[in-house]
Amino acid sequence: MRVRVALMRSPASVAAASSKSRRLTSTAISPSKPAPLSDPFEVAHVDLLLSPKSPFHRRTTILKTCTSTQEILRTQLPPAPAVLATEVQTKGHGRPGKPWLSENPLGLWVSILLEVPSSQLPLLSLLASLAAADAVRALTQLEPALKWPNDLLLKNRKLAGVLVETISRVNQPPLALLGLGLNLHQQTADFPPELKDSAISLLQASRQRIPRSQMLVAFLENLTRRLDQPTPEAMEDWRRACLQLGRTLSIRVGTTILTGTAESLDDSGHLHLRLPDGSLQKIASGETDFPA
Ligand code: BTN
């Protein structure tokens, strides 16, 4: 998969750049008393951290507030690639149309408008989840697990989610709208009661405050790398990080709920579910139960 005008840094330099900037700007938190939140989120800082060769260099806009970065990109349709982040969303949404609580500046709320070949659109959510996990690993040394098809988990709680939507065009492949919501600085009281046991932030998991600009840059650089990587290698990484393989799962596909054993994940991103009657269902997308 190629992002137009993709120019790459090597994985080693991406990891090195990420860990270098972590040393410069992340804040370790004492277990007893978290420091007050200070996480300025500026385009100039993002572009300073991002390699000038990145296809996303000078493509970022950061808003103070908006309804949803997905909706703003969909209606304004800037030239692709475009990165739109915001401090706060008043109507953030996830899959499938569920609200995504982001009315505070405590996470990375970002959408990216991308042109990718339509044959590779079905894998975009999986590749973006891998890139988000790469970024978390590079900045914190934590190893998020992946929950098919779009969640990052730490301690069996949801750290981040990816949402891919499309915008159809006449005589051209659809554009992809890739959204990422990643919890960074929340503490227990910042999550609503119904999410306290199922959501987690990087602050809770690692006692570190990772600045949003650093996380955004690490995500964009790893996304570029994952989009250019041969699919079988990326899917091998997905299988390694996926918690569900070998387990019994219930998956909602449209209005049907299928329960069976998750046998494998193929290179097209389809989950193979063995049903109690012995038949095998290859599922392209669906909602799996939580926790994993
Ligand atoms: C999910 O887990 O269901 C996906 C959540 C995606 C949330 C992000 S936050 C930035 C972008 N804007 C939105 O309204 N949604 C995505």
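Before going into details, it helps to say that this report is about the structure given with it. None of these values were measured; they are calculated from a predicted model.

## Quick word on the overall build of the chain
Consideration 1: On a plain count of helices and strands, the chain comes out with 7 helices and 14 strands.
Consideration 2: A burial count over the chain gives 43% of its 292 residues as buried.
Consideration 3: Nonlocal contacts in the chain, meaning residues at least 24 apart in sequence, comprise 63% of its contacts between residues at least 6 apart.

## Here we look at the packing of helix H4 (residues 124–140) against helix H6 (residues 212–228)
Consideration 1: Orientation of H4 relative to H6, taken along the N-to-C sense of each, is 130°, at an axis distance of 8 Å. When the interaxial angle is binned, H4 and H6 end up oblique. Between H4 and H6 lies a crossing whose hand is right-handed. Facing H4, whose interface residues are Leu 127, Ala 128, Leu 130, Ala 131, Ala 132, Asp 134, Ala 135, Ala 138 and Leu 139, H6 presents Gln 214, Met 215, Ala 218, Phe 219, Asn 222, Leu 223, Arg 226 and Leu 227.
Consideration 2: Per-class residue counts for the contact of H4 with H6 are 13 nonpolar, 2 polar and 2 charged.

## Quick word on the site of the ligand
Consideration 1: Neighbouring the ligand are 21 residues; Ser 68, Gly 94, Gly 161, Gly 179 and Gly 181 lie closest to it.
Consideration 2: Of all the elements in the fold, those that place two or more residues in the shell around the ligand are helix H3 (69–76), strand E4 (107–115), strand E7 (157–169) and strand E8 (172–183).
Consideration 3: Across the shell around the ligand, the residue classes break down as 6 nonpolar, 13 polar and 2 charged.

## Side note on the sheet that holds strand E14 (residues 287–288)
Consideration 1: Reading across the sheet, the 5 strands line up as E13-E12-E11-E10-E14 and stay open at both edges, with antiparallel pairing between neighbours. Unpaired on one side and paired on the other, strand E13 (280–283) and E14 mark the two borders of the sheet.
Consideration 2: With 4 bridges connecting them, strand E11 (residues 256–265) and strand E12 (residues 271–274) associate as antiparallel partners. Pairing of Ala 262 across the sheet is with Leu 273, part of E12.

## Quick word on H6
Consideration 1: An ideal rise of 1.5 Å per residue puts 24 Å on 17 residues; H6 measures up with 24 Å between its terminal C-alpha atoms.
Consideration 2: Of all 17 residues that make up H6, 16 are buried, and the element is covered over most of its length.

## Side note on H4
Consideration 1: In a regular helix each residue adds 1.5 Å, so 17 residues correspond to 24 Å; H4 covers 24 Å between its end C-alpha atoms and thus fits that length.
Consideration 2: In terms of residue burial, H4 counts as a mostly covered element, since 15 of its 17 residues are buried.
Consideration 3: Of the residues one or two after H4, Gln 141 is the one with positive phi, at around 70°.

## A short note on the packing of H4 against helix H7 (residues 231–241)
Consideration 1: The geometry of H4 relative to H7 is characterised by a closest axis approach of 10 Å and an angle of 65° between their N-to-C directions. One element, H4, and the other, H7, form an angle in the roughly perpendicular class. In this structure, the crossing between H4 and H7 has a hand that is left-handed. Along the contact surface, H4 presents Leu 126, Leu 127, Leu 130 and Ala 133, while H7 presents Ala 234, Asp 237, Trp 238 and Ala 241.
Consideration 2: Among the residues forming the contact of H4 with H7, the class breakdown is 7 nonpolar, no polar and 1 charged.

## Considering the nonpolar core
The nonpolar side chains of a soluble globular protein tend to be buried with one another.
Consideration 1: Within the largest apolar cluster, 73 residues are counted, with the highest numbers of intra-cluster contacts made by Ala 132, Met 215 and Phe 219.
Consideration 2: The greatest single-element share of this core, amounting to 12 residues, is contributed by H4.
Consideration 3: Beyond its immediate chain neighbours, meaning those up to four positions away, Phe 219 contacts Ala 131, Ala 132, Ala 135 and Leu 180.

## Quick look at the sheet that holds strand E2 (residues 60–66)
Consideration 1: Here 7 strands make up an open sheet; going across it, the order is E2-E3-E4-E8-E7-E6-E5 and the pairing mixed. Lying at the two open borders of the sheet, with one neighbouring strand each, are E2 and strand E5 (145–147). Sheet twist, expressed as the average angle between the axes of neighbouring strands with direction ignored, equals 20°.
Consideration 2: For E5 and strand E6 (residues 151–154), the ladder comprises 3 bridges, and the chain directions are antiparallel. Residue Ala 145 lies in a different strand from E6, and its bridge partner there is Leu 153.
Consideration 3: The sheet strands contacting H3 are E2, strand E3 (82–89), E4, E7 and E8, and the helix crosses E3 at an angle near 135°.

About the cut-offs
Residues numbered from 1 in each chain as written. Predicted model: local features only at pLDDT ≥ 70, side-chain atom pairs only at ≥ 80, totals over all residues. Helix = DSSP H or I, 4+ residues; strand = E, 2+ residues; numbered from the N terminus. Buried ≥ 20, exposed ≤ 12 C-beta atoms within 10 Å, placed from the backbone. Contact = placed C-beta atoms within 7 Å. Axes fitted to C-alpha atoms, helices over the stretch in contact; angles between N-to-C directions. Parallel < 35°, antiparallel > 145°, perpendicular 65-115°, else oblique. Left-handed = near helix turned anticlockwise from the far one by under 90°. Nonpolar A, V, L, I, M, F, W, Y, C, P; charged D, E, K, R; others polar. Near = placed C-beta within 6 Å. Pairing = 2+ DSSP bridges. Expected span 1.5 Å × (residues − 1). Core = buried A, V, L, I, M, F, W, Y, C linked by C-beta atoms within 7 Å.

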